Amino acid sequence: MNLTILGSTGSIGASTLDVVARHPGRYRVLALAAQRRDDILFEQCARFQPRYAALLDDDAAGRLAQKTAAAGLDVQVLSGIAALERVSSLPEVDAVMAAIVGAAGLRPTLAAACAGKKILLANKETLVMAGRIFMDAARQHGATLLPIDSEHNAVFQALPRDYAGDLAASGVRRILLTASGGSFRDAPLSALQHVTPEQACAHPNWVMGRKISVDSSTMMNKGLEVIEAHWLFNAPADAIEVVIHPQSVIHSLVQYVDGSVLAQLGNPDMRTPIAHALAYPERIEAGVEPLDLIRVATLNFEAPDFARFPCLALAYRALRAGGTAPAALNAANEIAVAAFLERQIPFLAIPQVIERVLEALPVTRVATLDDVLSADTAARAAAHELVQRMAAPCPQPLSTPARQP
Ligand code: NAD
Ligand code: MG
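Calculation criteria
- Residues numbered from 1 in each chain as written.
- Chains lettered and ligands numbered in written order.
- Predicted model: local features only at pLDDT ≥ 70, side-chain atom pairs only at ≥ 80, totals over all residues.
- Heavy atoms only, no water.
- Pairing = 2+ DSSP bridges.
- Helix = DSSP H or I, 4+ residues; strand = E, 2+ residues; numbered from the N terminus.
- Axes fitted to C-alpha atoms, helices over the stretch in contact; angles between N-to-C directions.
- Donors = N, O, S within 2.8 Å, 3.2 Å for Na, K, Ca; no water.
- Buried < 20%, exposed > 50% of the residue type's maximum accessible area, 1.4 Å probe, protein only.
- Parallel < 35°, antiparallel > 145°, perpendicular 65-115°, else oblique.
- Left-handed = near helix turned anticlockwise from the far one by under 90°.
- Contact = heavy atoms within 4.5 Å.
- Nonpolar A, V, L, I, M, F, W, Y, C, P; charged D, E, K, R; others polar.
- Near = heavy atom within 4 Å.
- Polar contact = N/O pair within 3.5 Å; in protein donor to acceptor, adjacent residues only side chain to side chain.
- Areas by Shrake-Rupley, 256 points an atom, 1.4 Å probe, with all protein chains shown as cover.
- Domains from an automatic or database assignment.
- Buried area = accessible area lost by both parts, 1.4 Å probe.
- Salt bridge = Lys/Arg side-chain N within 4 Å of Asp/Glu carboxyl O.
- Phe/Tyr/Trp six-rings, centres within 6.5 Å; stacked < 30°, edge-to-face > 60°.

### Considerations on the sheet that holds strand β11 (residues 261–265)
The sheet built from four strands is open, its strands ordered β9-β8-β10-β11 with mixed pairing. Taken across any chain shown, the strands that pair with only one partner, and hence form the sheet edges, are β9 (240–244) and β11. Averaged over all pairs of adjacent strands, the angle between their axes in this sheet comes to 20 degrees, without regard to strand direction. Pairing geometry for strand β8 (residues 172–179) and β9, over five bridges, is parallel. Within β9, the position partnered with L177 by the bridge is V242.

### Overview of the sheet that holds strand β5 (residues 95–98)
Remark on secondary structure: sheet strands pair via backbone hydrogen bonds, oriented parallel or antiparallel. Spatially, seven strands are ordered β4-β3-β2-β1-β5-β6-β7 in an open sheet, and the strand pairing comes out parallel. Strand pairing shows two members of the sheet lacking a second neighbour, β4 (76–79) and β7 (144–147), which therefore form its edges. Across the sheet, the axes of successive neighbouring strands diverge by a mean angle of 20 degrees, strand direction being ignored. Sheet analysis places strand β3 (residues 52–55) next to β4, joined by four bridges and oriented parallel. Counted as the bridge partner of L55 is S79 from β4.

### A short note on the coordination of the magnesium ion (ligand 2)
Taken together, the protein ligands of the magnesium ion (ligand 2) are D149 (OD), E151 (OE) and E225 (OE), with distances of 2.1 to 2.2 Å. Mapped onto the sequence, the residues coordinating the magnesium ion (ligand 2) show the spacing D-x1-E-x73-E. One end of the pair, D149, is in the loop between β7 and α7 (150–158); the other, E225, is in helix α11 (residues 220–233), with 76 residues separating them in the sequence. In this structure D149 comes out as buried when scored by relative accessible area, which is 7%.

### Overview of the packing of helix α16 (residues 349–360) against helix α17 (residues 369–391)
Interaxial distance between α16 and α17 falls to 9 Å at its minimum, and their mutual angle equals 135 degrees. By the angle class used here, α16 and α17 are oblique. Once α16 is placed against α17, the crossing between them reads as right-handed. When α16 is examined against α17, the residues A349, Q352, V353, R356 and V357 are found in contact with a partner set consisting of A379, A382, A383, L386, V387 and M390. When grouped by side-chain class, the residues that make up the contact of α16 with α17 number nine nonpolar, one polar and one charged.

### Details of the pairing of β8
Most of β8 sits inside the fold, with six of its eight residues counted as buried. As judged from the four bridges shared by β8 and strand β10 (residues 250–256), these two strands associate in the antiparallel manner. Looking across to β10, one finds that I175 is bridged to V254.

### Some details on the site of ligand 1
Around ligand 1, the structure places 23 residues, and the nearest of them are T9, S11, I12, E125 and G209. In this structure, A122 approaches ligand 1 through a main-chain N or O atom, which is 3.4 Å from an oxygen atom. Starting from 820 Å² of accessible surface for ligand 1 in isolation, the protein chains cover 89%. The set of elements that each furnish at least two residues to the shell around ligand 1 consists of α1 (11–21) and α6 (124–140). Taken domain by domain, the shell around ligand 1 gets at least three of its residues from each of domain 1 (2–147) and domain 2 (155–268 + 279–296).

### What to know about the domain arrangement of the chain
Taken domain by domain, the chain comprises domain 1 (2–147), domain 2 (155–268 + 279–296) and domain 3 (322–391). Measuring from the centre of the C-alpha atoms in domain 1 to the corresponding centre in domain 2 gives 25 Å. Between domain 1 and domain 2, the residue contacts involve 20 residues of the former and 21 residues of the latter. Roughly 1800 Å² of surface becomes buried between domain 1 and domain 2 when both sides are summed, with 67% attributable to carbon and sulfur atoms. Connecting domain 1 to domain 2 are three salt bridges. Where R26 meets E282, a salt bridge forms, and the shortest distance between an N and an O atom there is 3.0 Å. At the junction of domain 1 with domain 2, the criterion picks out six residue pairs in polar contact (both at pLDDT 80 or more). Residue assignment for the side of domain 1 that touches domain 2 shows that the elements contributing at least two residues are α1, β6 (118–121), α6 and β7. Looking at which element gives the most residues to the side of domain 1 that touches domain 2, the answer is α6, with seven residues. Taken together, the residues of the side of domain 1 that touches domain 2 sort by class into ten nonpolar, three polar and seven charged.

### Examining the packing of aromatic side chains
One pass over the full model with this rule turns up four aromatic pairs. Ring geometry for F156 against Y280: centres 5.2 Å apart, planes inclined by 70 degrees, an arrangement best described as edge-to-face. You can see F156 sitting in helix α7 and its partner Y280 sitting in the loop between α12 (271–279) and α13 (293–296), a full 124 residues away along the chain. The partly exposed category is assigned to F156, whose relative accessible area is 22%. Of the aromatic side chains, those joined through ring pairs into one cluster are F184, F340 and F347.

### A word on α12
α12 sits mainly inside the fold: eight of its nine residues count as buried. If you check which residues of α12 are buried, you get R271, P273, I274, A275, H276, A277, L278 and A279. The elements touched by buried residues of α12 are β1 (2–6), α1, β5, β6, β7 and α7.

### Here we look at helix α10 (residues 210–218)
For α10, a buried count of seven out of nine residues is recorded, marking the element as mostly surrounded by other parts of the structure. Looking at α10, one finds that the buried residues are K211, S213, V214, D215, S216, S217 and T218. Where α10 is buried, its residues touch α6, α9 (197–201), α11, α14 (310–321), α15 (325–341) and α16.

Written out as structure tokens, the structure reads:
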């Protein structure tokens, strides 16, 4: 099977290459793509010998081309967003791992959908921003979607094999998404004010990129996943419940009308969902430590605290509002998280920026990709302005708490 890996230099990209390397006869890396880390991409090219290597950044691609030529590698180096779209839709590509972080992943992932590829979907932001457009494109062009997000991969495994997007017809009452609770699960609100990027990125159970690590600590990650589940499984907001489960052993569950609850368990290691999606419907070795239930011993569950983690409530609100609201939520979150990582705004300002942006921008209908992109641009501009104001020497405290979903 010929693979394109979008976001190969990131955390999911590295885990994907790890699984692929365990099955050299089965998978061939045809294209690798990333933003600007030519040093890492060069090493990956030397090891996996792809036919194409694409970087968004022109200068970085220039450096990569020099290095690959000097090393005598037979790889075509490409650059720019059109190149990312191209390697996602090449006729000889069978499957695309969509693991670019953030809104930047939308265009190449959509290109894979329009080319009818098998898509291993890690880039949840694509579904949050443009769920309807992406799902319609996948349906229309016969693309296959396999969720990589551990929760959605678990739900996929716990749903009937022939699940066709109708919860009631499959006897499903609810989807239960588990959440670790992030780095600050038990921290009182007062302690969250002074949280640093380093603390926010130190996730208790998973090793991930910086943006998703901050999203986990604010619980926006779970909020984005609620919206992701809505599109992947055609589930209304009311049928998606979040359960805090600190051990991250149960990756999610499906509750059926007869009282049965099916769950998928495993050690928190993204190579499991990656291997599952790569080989589906077969099973392959992923290099993951087998789960030792005796050592785990205890599984705990609790309700999420919407007051301490308003981002989760904001995501439910955006999902219920529909139209451009989730795209605005996502864009405002990306700007706020980047500002937090740059130490421009405090941790607790992240939900405040998002809420103000959602309140300021009208929700409109999404009919085309341009509708999504305009909402994304407007929300980024609004969020940016708020960040600038907050980053001023005397930041204004923000007061309005998020509403419950
Ligand atoms: P990461 O930050 O480690 O890697 C991001 C990758 O995207 C890098 O290869 C980077 O070069 C590339 N990239 C960033 N901006 C780009 C741009 N403008 N154009 C092209 N490439 C760009 O992130 P990650 O943790 O691997 O997460 C990737 C995606 O997978 C995210 O959407 C995240 O929500 C999702 N995800 C990650 C995990 C995890 O365990 N890491 C779990 C579930 C879902
Ligand atoms: Mg997840």
